[in-house]
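Residue strings, one per chain:
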Amino acid sequence: MPRTLDGQITMEKTPSYFVTREAPARISAMSKDTKLIVVVREPVTRAISDYTQTLSKRPDIPTFESLTFKNRSTGLIDTSWSAIQIGIYAKHLEHWLRHFPISQMSGEQLISDPAGELGRVQDFLGLKRIITDKHFYFNKTKGFPCLKKAEGSSKPHCLGKTKGRTHPEIAQEVVQRLREFYRPFNLKFYQMTGTTSAGMDNKYNLKRKKKESMEI
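Residues numbered from 1 in each chain as written. Predicted model: local features only at pLDDT ≥ 70, side-chain atom pairs only at ≥ 80, totals over all residues. Heavy atoms only, no water.

Moving on, we come to the overall build of the protein. When helices and strands are tallied, the protein shows eight helices and six strands. When the helices and strands of the protein are listed from N to C terminus, the series reads α-β-α-α-β-β-α-α-β-α-β-β-α-α. Across the 216 residues in the protein, those meeting the buried criterion constitute 35%. In the protein, the share of contacts with a sequence separation of at least 24, taken over all contacts with a separation of at least 6, comes to 56%. In the form shown here, the protein has an accessible surface area of approximately 14300 Å², with 54% of it arising from carbon and sulfur atoms. (Helix = DSSP H or I, 4+ residues; strand = E, 2+ residues; numbered from the N terminus. Buried < 20%, exposed > 50% of the residue type's maximum accessible area, 1.4 Å probe, protein only. Contact = heavy atoms within 4.5 Å. Areas by Shrake-Rupley, 256 points an atom, 1.4 Å probe, with all protein chains shown as cover.)

Take the packing of aromatic side chains next. Applying the stated criterion to the full structure yields eight aromatic pairs. Relative to tryptophan 81, the ring of tyrosine 51 lies with its centre 6.4 Å away and its plane at 85°, an arrangement referred to as edge-to-face. Separated by 30 residues along the polypeptide, tyrosine 51 in helix H2 (residues 43–57) and tryptophan 81 in the loop between strand E3 (76–77) and helix H4 (82–85) bring together distant segments of the chain. Judged by relative accessible area, tryptophan 81 falls into the buried class, the value being 16%. Joined through ring pairs, the aromatic side chains of Phe18, Tyr89 and Phe189 make up one cluster. When the ring centre of phenylalanine 124 is taken as origin, the NZ or CZ atom of lysine 35, which lies over that ring, is 5.2 Å away. (Phe/Tyr/Trp six-rings, centres within 6.5 Å; stacked < 30°, edge-to-face > 60°. Lys NZ or Arg CZ within 6 Å of the ring centre and 35° of its normal.)

At a closest axis distance of 8 Å, the pairing of helix H5 (residues 89–97) and helix H7 (residues 172–193) adopts a crossing angle of 30°. By the angle class used here, H5 and H7 are roughly parallel. Residues Tyr89, Ala90, Leu93, Glu94 and Leu97 of H5 form the contact with H7, whose own contacting residues are Phe185, Lys188, Phe189, Met192 and Thr193. Here the residues of the contact of H5 with H7 sort into seven nonpolar, one polar and two charged. (Axes fitted to C-alpha atoms, helices over the stretch in contact; angles between N-to-C directions. Parallel < 35°, antiparallel > 145°, perpendicular 65-115°, else oblique. Nonpolar A, V, L, I, M, F, W, Y, C, P; charged D, E, K, R; others polar.)

The next point concerns the environment of histidine 167. Following the sequence through the fold, histidine 167 ends up in the loop between strand E6 (144–147) and H7. We classify histidine 167 as buried; its relative accessible area is 14%. The spacing of histidine 167 and tyrosine 51 is 116 residues in sequence and 8.7 Å in space, taken between C-alpha atoms.

With 22 residues, H7 ought to run about 32 Å at 1.5 Å a step, and its terminal C-alpha atoms sit 29 Å apart, in line with that. The largest bend in H7 is about 40°, located at arginine 183, with the proline proline 184 one to four residues further on. Considered for burial, the residues of H7 that qualify are Val174, Val175, Gln176, Leu178, Arg179, Phe181, Tyr182, Asn186, Phe189, Tyr190 and Met192. Looking at the residues trailing H7, positive phi occurs at glycine 194, about 70°. (Expected span 1.5 Å × (residues − 1). Bend = angle between axes of the 7 residues up to and from the residue.)

Here we take up the nonpolar core. Within the largest apolar cluster, 18 residues are counted, with the highest numbers of intra-cluster contacts made by Phe64, Ile84, Leu178 and Tyr182. Contributing elements (two or more residues each) for this core: H2, H4 and H7. With five residues, the single largest contributor to this core is H7. Those residues in contact with isoleucine 84, other than ones at most four positions away along the chain, are Ala47, Thr68, Ile77, Asp78, Thr79, Leu178, Phe181 and Tyr182. Core analysis: the next-biggest nonpolar cluster, separate from the first, contains 15 residues, Phe18, Ala23, Val38 and Val40 among them. (Core = buried A, V, L, I, M, F, W, Y, C linked by side-chain atoms within 4.5 Å.)

Before going further, it helps to spend a moment on helix H1 (residues 23–30). One turn of an α-helix holds 3.6 residues; hence residues three or four places apart share an orientation. Buried residues of H1: Ala23, Pro24, Ile27 and Ser28, and no others. All buried residues of H1 lie within an arc of 125° about the axis, which places them on one face of the element. Residues of H1 that are exposed and point more than 90 degrees away from the buried face comprise Arg26, Ala29 and Met30. Considering only its buried residues, H1 is in contact with H5. (Arc of directions from axis to C-beta.)

Among the structural elements, histidine 95 can be located in helix H5. By relative accessible area, which is 12% here, histidine 95 ends up buried. Histidine 95 has contacts with Arg21 and Pro24, leaving out every residue within four places of it along the chain.

The following block contains the structure:
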């Protein structure tokens, strides 16, 4: 890490730290005062997104369904598949809580309320609130909020081509089985962090509710 002067904050982002077993102890050894920001996504959507990214590079990989289940007839989930394993957030968080108190961690709902969540992050880091709603617009094509203007540029800044890809259609029964699998882990994660499930709602749940209302 670069040297940090008084009045400066050094930030570094590596998603794999959260799921790397050795990372918490190493970061704690470097600095016990490190503040941690954990950004998680509804785990079923995250798994499908992970698969979508891999599929774009390897079109010949097996179907999402065949990778998800050890045994499709029994509904047994294959937790050895990294796309599934990463979404068991409570298990990964336990490793971090052995080295850092929960007070040194912050979570975010970046998609639903980017300005509000970044406001809380600025408070968490002891910074003056500069980022507000005026800095964002919602990109319907990507399905994510984007910056209206990147620093040093007159052009809007949004996710690159590798982000916001259209997900393959996954059978609703597979999505539902995965939601059932993750539910106890999600509840434990909420208890550990003192948060609610509000930030974990996803388009699959919304789509299902819409379909049910149409059937009625």
